[in-house]
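Coordinate analysis (summary)
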Amino acid sequence: MASPYQSGNAPMDSRHSSRLTLRQRFFLVEVLVALALTARHFIVNMGKHTLRALGVKSAHGAVTIQYPEERRPYSPRLRSLHRLVRREDGSPRCVACMMCETVCPAHCIYIVADEHPNPEIEKVPARFDIDLGKCVFCGYCVEACPEDAIRMDTGILEFSAYDRASMIYTKEILLALEPARADGAPSSPVPIPPHRVPS
Amino acid sequence: MSGRALDLLLQAMPVAFIMFVVLNFGGILTWVERKQSAIMQDRIGANRASIFGIRIFGLLHPLADAIKMLTKEDFMPARADRLLFKLAPFVSVFFALTAFASIPFGDTLRIAGREIQLQAVTLNVGILYVLAMLSMGVYGLMMAGWASANNFALLGGQRAAALMISAEVAIGASVMGVVMVYGSLNMQDIARAQGHPLLPQLFGNWIPAWGILTQPLAFVIFLTAGIAATKRIPFDMPEGESEIIGYFIEYSGMKFGMFAMADFLETVVIAGMTTALFLGGWQVPYLQASGFAFPWGAEVALPHLAVVGLQVGTFLVKVSAMIWFLMLIRWTLPRFRYDQAMRLGWLGLFPLSVLNIVLTGLVLLVLGKA
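Only a predicted model underlies this, so the values are computations on that prediction, with no experimental measurement involved. (Residues numbered from 1 in each chain as written. Chains lettered and ligands numbered in written order. Predicted model: local features only at pLDDT ≥ 70, side-chain atom pairs only at ≥ 80, totals over all residues.)

**Let's talk about the overall build of chain A**
In plain terms, the rule: A run of DSSP states H or I qualifies as a helix once it reaches four residues; a run of E qualifies as a strand once it reaches two. Both are numbered from the N-terminal end. Buried residues are those with 20 or more other C-beta atoms within 10 Å of their own C-beta, exposed residues have 12 or fewer, and partly exposed residues lie in between; C-beta atoms are placed from the backbone. Any residue pair is listed as a contact if its two C-beta atoms, each placed from the backbone, are within 7 Å.
Counting its regular elements, chain A contains five helices and five strands. Secondary structure of chain A in N-to-C order comes out as α-α-β-α-β-β-α-β-β-α. The buried share among the 199 residues of chain A stands at 18%. Contacts spanning at least 24 positions in sequence make up 62% of the contacts within chain A whose residues lie at least 6 apart.

**A word on the overall build of chain B**
Our working definition: Each radius of gyration reported is based on C-alpha atoms, and the globular scaling rule is 2.2 Å times the count of residues to the power 0.38.
If you tally the helices and strands in chain B, you get 12 helices and five strands. On C-alpha atoms alone, chain B measures out to a radius of gyration of 22 Å, which is about the 21 Å that the 2.2 N^0.38 rule sets for 370 residues. A principal-axis box enclosing the C-alpha atoms of chain B has dimensions of 70 × 55 × 50 Å. In chain B, buried positions account for 43% of the 370 residues. Sequence separation of 24 or more characterises 75% of the internal contacts of chain B that already satisfy a separation of 6 or more.

**A word on the interface of chain A and chain B**
Filter applied, for reference: Gly falls in the polar group here, along with every residue not listed as nonpolar (Ala, Val, Leu, Ile, Met, Phe, Trp, Tyr, Cys, Pro) or charged (Asp, Glu, Lys, Arg).
Each side of the interface is counted separately: chain A has 15 residues, and chain B has 12 residues. For the side of chain A that touches chain B, the class distribution of residues is nine nonpolar, six polar and no charged.

**Some words on the confidence of the model for chain B**
Definition in use: pLDDT expresses how confident the predictor is about each individual residue, on a scale running from 0 to 100.
Confidence in the prediction for chain B averages 89 pLDDT; 99% of positions are at 70 or higher. Interface confidence for the predicted complex, expressed as ipTM, amounts to 0.87; the pTM equals 0.85.

**Examining unusual backbone geometry**
A cis amide bond, omega 5°, links I233 of chain B with the succeeding residue P234 of chain B. By the element assignment, P234 of chain B lies in the loop between α9 (216-229) and α10 (253-278). For D148 of chain A, which is not glycine, the phi torsion reads 55° and is therefore positive. As for its position among the elements, D148 of chain A is in the loop between α4 (140-144) and β4 (150-151).

**Description of the packing of α9 of chain B against α10 of chain B**
Residues and elements named next belong to chain B. The following threshold applies: Helix axes are fitted to C-alpha atoms over the stretch in contact, other axes to C-alpha atoms as well, and angles between N-to-C directions run from 0 to 180 degrees. Here the angle decides the label: under 35 degrees means roughly parallel, over 145 means roughly antiparallel, 65 to 115 means roughly perpendicular, and every other value means oblique. For a crossing to be left-handed, the near helix must be turned anticlockwise from the far one by less than a right angle; the clockwise case is right-handed.
One can describe the packing of α9 onto α10 by two numbers: an axis separation of 9 Å at closest approach and a directional angle of 165°. By the angle between their directions, the pair α9 and α10 is classed as roughly antiparallel. The crossing of α9 and α10 is right-handed. In this structure, α9 contributes F219, F222, L223, G226 and A229 to the contact, and α10 contributes E266, I270, T274 and F278. A class-by-class count of the residues in the contact of α9 with α10 yields six nonpolar, two polar and one charged.

**Re the sheet that holds strand β2 (residues 109-115) of chain A**
Residues and elements named next belong to chain A. As a reminder of what qualifies: Paired strands are those between which DSSP finds at least two bridges.
Spatially, the three strands line up as an open sheet ordered β2-β3-β5, and their pairing is antiparallel. Whereas interior strands pair on both sides, the edge strands pair on one side only; in this sheet they are β2 and β5 (168-169). Here strand β3 (residues 123-131) runs beside β5; their pairing, made up of two bridges, is antiparallel. By the bridge assignment for β5, D131 is matched with I168.

**Regarding the sheet that holds strand β5 (residues 299-301) of chain B**
Residues and elements named next belong to chain B. Spatial strand order, β3-β4-β5: three strands in an open sheet with antiparallel pairing. The open sheet has two edge strands, β3 (287-288) and β5, and neither has a second partner. Looking at chain direction, β3 and strand β4 (residues 291-293) are connected through two bridges and run antiparallel. In the sheet register, Q288 faces β4, and the bridge partner there is G291.

**Let's talk about the nonpolar core**
Rules: A set of buried Ala, Val, Leu, Ile, Met, Phe, Trp, Tyr and Cys residues, joined through C-beta atoms within 7 Å, is what we mean by a nonpolar core.
Of all hydrophobic cores here, the largest spans 92 residues; its most connected members are A144, F222, A225, L265 and V269 of chain B. The element that contributes the greatest number of residues to this core is α10 of chain B, accounting for 15 residues. In contact with L265 of chain B, other than residues within four places in its own chain, are V22, G26, V93, A96 and L97 of chain B. Counting residues in each nonpolar core, the second largest holds 22 residues, with I109, C141, I150 and I156 of chain A among its members.

**Focus: helix α5 (residues 151-182) of chain B**
Because each turn of an α-helix spans 3.6 residues, side chains separated by three or four positions in sequence point in the same direction. Our working definition: A helix's residues, less one, multiplied by 1.5 Å, set its expected span.
For α5 of chain B, which comprises 32 residues, the first-to-last C-alpha distance of 46 Å matches the rise-based estimate of 46 Å (1.5 Å per residue) to within 8%. A positive phi of about 65° marks G183 of chain B, the residue just after α5 of chain B.

**Some thoughts on the domain arrangement of chain A**
The criterion, for reference: Boundary definitions for the domains trace back to an automatic or database domain assignment.
Per the domain assignment, the segments of chain A are domain 1 (19-64) and domain 2 (83-196). The C-alpha centroid of domain 2 of chain A is placed 49 Å from the C-alpha centroid of domain 1 of chain A.

**Quick look at the packing of helix α3 (residues 82-98) of chain B against α10 of chain B**
All names here are of chain B. Between α3 and α10, the least distance of the axes is 8 Å, while the angle of their chain directions is 20°. Classed by the angle they form, the pair α3 and α10 counts as roughly parallel. The handedness of the crossing between α3 and α10 comes out as left-handed. Where α3 abuts α10, its residues P89, S92, V93, A96 and L97 lie against K255, M258, F259, M261, A262, L265, E266 and V269. In terms of residue class, the contact of α3 with α10 is made up of 10 nonpolar, one polar and two charged.

**A word on the pairing of β3 of chain A**
Examined bridge by bridge, β2 of chain A and β3 of chain A share seven bridges and lie antiparallel to one another. In the sheet register, V112 of chain A faces β3 of chain A, and the bridge partner there is R127 of chain A.

**Observations concerning the environment of V103 of chain A**
All names here are of chain A. Positionally, V103 belongs in helix α3 (residues 99-103). Look at V103 and you get partly exposed, because 15 C-beta atoms sit within 10 Å. For the pair formed by V103 and T170, sequence separation is 67 residues and the distance between their alpha carbons is 19 Å. Each residue touching V103, except ones within four places of it in the same chain, is listed here: Y140, C141 and A144.

**A short note on helix α12 (residues 338-367) of chain B**
All names here are of chain B. Heads up, the condition is: To obtain the bend at a residue, axes are fitted to the seven residues ending there and to the seven starting there, and the angle between these axes is taken.
The end-to-end C-alpha separation of α12 is 41 Å, in line with the 44 Å expected for 30 residues at 1.5 Å each. Remark: the principal bend of α12, roughly 35°, maps to L344. Restricting attention to buried positions, one finds in α12 the residues A341, L344, G345, L349, F350, S353, N356 and T360. In the core, the buried residues of α12 are packed alongside α5 and α9. Directly after α12, the chain includes G368, whose backbone phi takes a positive value near 75°.

Structure below.
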């Protein structure tokens, strides 16, 4: 019977009753209680702000993180911008098996396969494009990859662009990326697709 | 300089001071509102606007806002009444500004052998004047609602009118208690009378007879109705920016800014009026015209200018504190429903203020002052 949806007029919790007690209906006392609460927040925070302005760096009057300058550490499990893992010689570890392209629910990966010069390696991608405008960051491509050739651990989250074409990241861009640092901060700069580089 | 010109100049001084203070308070309140709400909510608040990297706690945001407002498209609906549509924001701001005129911000200033009342206009019916100007302000809103040729705006204007009427009755009736106690409609007289000791036969000279002590009930009623008169949360049903939208729905650019400005100016007026009527006006406890005279017998003589400066400063501090309190209320309470606000005005505040008048009359009779 404990439905979260209340029917009729019967309150589940007397504190949330629609019938107000006399004190509550009188408003004034309850208003003063509320004002005391907010005023306490104001005074405490103002005191901490003042202390901080006076040089006490441990005093924080606000929980705000000043975002572009200051970031909260990202979880290592965070799925951020993709990167292609490199071999020793710098060529992609990807063998163009099309697993990621097949599993991708957003159809945002486009691969063109090519012969690899080394006969022991089957194939190599001639093209490997990810359309980040379509990507839903589900991580299925990482799961599906048999070669551990694609990862989403760059820590890069800011790759907004002014047009859709700029959201398409090519093999060269994805190969150049490095994994994030231990605190989750990106260690490589936000990549800019070549046609978006200011001339 | 001839004596007449000097007279004029000295008379213009309080007016200029009032205009300067009220306009600047109104302008800076946009910043105060954002910052105070942020601090109350454990945030930092607006701090990004900068000139050459100088941010000064976000104080440049009002400036940026003004530039934004002035450069925005000034839109007018095709079927709007052109004259009334343009007039409405000016009416709103004008009456909010003029309302402050008869609120005294200091005692008499003696300079160059002349006496200047520190009050823009010395009126024997000062209280009625402020009330009248406050009520005239609603014409701006009704004009805006009517002239916009928009049903939502019209409804908003009507809500504003209804709210204003229900608030005004309570304001007027609660102020009557103060008028009865101090025996004057002149706000300067009321401010002066609040410097007298309260019940000297009981407390000696210890407690000044501030309105909040002689008229506590009237203070609560006046403050509640005063907040309603400023049309800000918890009584912002004329505006309801977030969803129901009100009389200024068709306004943009600086015209919209003027409506917002009028709200802030009215906040300053209500704070000033509360200070003048209930918080002792410009009175500093134990400060007489010649200096401090403490009830335990100590006396500190002060020159005339220092006394006046202290009084004006105290008035500004009291007004600022009052504004802080009004902002605190605005960022604490949720909005009343429309019918709740009406019920509060007509069935709560109005009967209570009439009761207050009766009680005040009885007490005055018992004390033998009637």
